[in-house]
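# Breakdown of the fold
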Amino acid sequence: MRASSALSKFVRGFGLAAAMAAAVMPGTSHAADFPSKPIKIVVPYAPGGAVDIVTRLVAQKMGETLKQSIIIDNRPGGATNIGMDIVARAPADGYTLLTASNSLASNAALFSNLNFDPAKDLIPVGAIGYAPLVVVVPASSQFKTLQDMIAYGKANPDKLTYATAGNGSSGHLASELLKDEGKFNALHVPYKGGAPAITDMLGGRIDFMAINPVEAIPHIKAGKMTTLAVLDSKPSALLPGVPTISALGLPNAAAAVWWGLCAPKGTPADVVATLNDALQKALADSAVQARLSELGAVTTPGSAADFGKFVQEETVKWARVIKAGNIKAD
């Protein structure tokens, strides 16, 4: 199947799945005794990272509402395809969920052959939140503003460089979007993870990065890194005084890391509704909100259909960027 065909099916299928999840068939009820045993949430990343931390925060409060234990199952690897495949093949009973992130909206365009079909095999439960990425440079950089950097990229198309945690990562796609919207050029230098990329940038071997603000703040406080822009329309509470990308005249260059919960397709609509209700209560908890705020995250409560619509929009947006940049992950 061609990537463009798979992408089209994903957009249509995930939207249909969201609509189905929002509708409870009359005369049927699966949620009366749900949950009657522990629930497992598959996190397709290693323990200790942002996605893992966010999931554990939300899962604890959801478990209190559902009066059941929620087990976190970390399954990193394969650009999150391993974890997504596990959930896609799990029984559709609400006891196996996925913490989905940006890759849910981009992997259909990045990978020509997947072992599962996102359009058919996963449905939305609800969004959790997002954290806008930030554009950073080493403190010793010649660039003091984003405009300085863009002007240099236009005048020196083969000299400006940016680092990422790898091909198809959120930082890679965000940087390509920024290039596209800012009409400048920069050479992509992929690394095997964010830590070595940051190390080389701080050492002056790379010009800039688009990263999660939590990754940047320790280096900013240490005087080793400068933030040029927040890739959002709203200012960051963690980085007061840093201009937003909208204020800099490039509102379409907004980019963030985001998270939500999904279930295998076929999960009963009333079970999805029960899970979504527990998620909304977790997101409304003041302690959860405070901790997410510390991570630079903004909560996005809403229905399963709301999350499904958001993923559709993200899929279309990043497919355009991936096609324009001829980005491949496999």
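Residues numbered from 1 in each chain as written. Predicted model: local features only at pLDDT ≥ 70, side-chain atom pairs only at ≥ 80, totals over all residues. Heavy atoms only, no water.

For helix H7 (residues 170-182), built from 13 residues, the straight-helix expectation of 18 Å at 1.5 Å per residue is met to within 8% by its first-to-last C-alpha distance of 18 Å. Of all 13 residues that make up H7, 10 are buried, and the element is covered over most of its length. Of the positions making up H7, those classed as buried are Gly 171, His 172, Leu 173, Ala 174, Ser 175, Glu 176, Leu 177, Leu 178, Lys 179 and Gly 182. Immediately downstream of H7, the backbone of Lys 183 shows phi near 60°, a positive value. (Helix = DSSP H or I, 4+ residues; strand = E, 2+ residues; numbered from the N terminus. Expected span 1.5 Å × (residues − 1). Buried < 20%, exposed > 50% of the residue type's maximum accessible area, 1.4 Å probe, protein only.)

Another point: the sheet that holds strand E9 (residues 225-230). Spatial strand order, E8-E5-E9: 3 strands in an open sheet with antiparallel pairing. Where the open sheet ends on each side, the last strands, each with one partner, are strand E8 (209-211) and E9. The mean angle between the axes of side-by-side strands here comes to 35°, regardless of whether they run parallel or antiparallel. Bridge count between strand E5 (residues 134-138) and E9: 5 bridges; the pairing is antiparallel. The residue of E9 that forms the bridge with Val 137 is Thr 226. (Pairing = 2+ DSSP bridges. Axes fitted to C-alpha atoms, helices over the stretch in contact; angles between N-to-C directions.)

Here we come to the packing of aromatic side chains. One pass over the structure, following the stated rule, counts 5 aromatic pairs. Ring centres 6.0 Å apart and planes at 80° place the aromatic pair Trp 258 and Phe 307 in the edge-to-face group. Residue Trp 258 is found in strand E10 (residues 256-264), and its partner Phe 307 is found in helix H12 (residues 304-324); the two are separated by 49 residues along the sequence. Phe 307 shares its class with Trp 258; the two are buried. Through a chain of ring-to-ring contacts, the aromatic side chains of Trp 258, Phe 307 and Phe 310 assemble into a single cluster. The cationic tip of Lys 37 hangs over the ring face of Tyr 95; the distance from NZ or CZ to the ring centre is 4.8 Å. (Phe/Tyr/Trp six-rings, centres within 6.5 Å; stacked < 30°, edge-to-face > 60°. Lys NZ or Arg CZ within 6 Å of the ring centre and 35° of its normal.)

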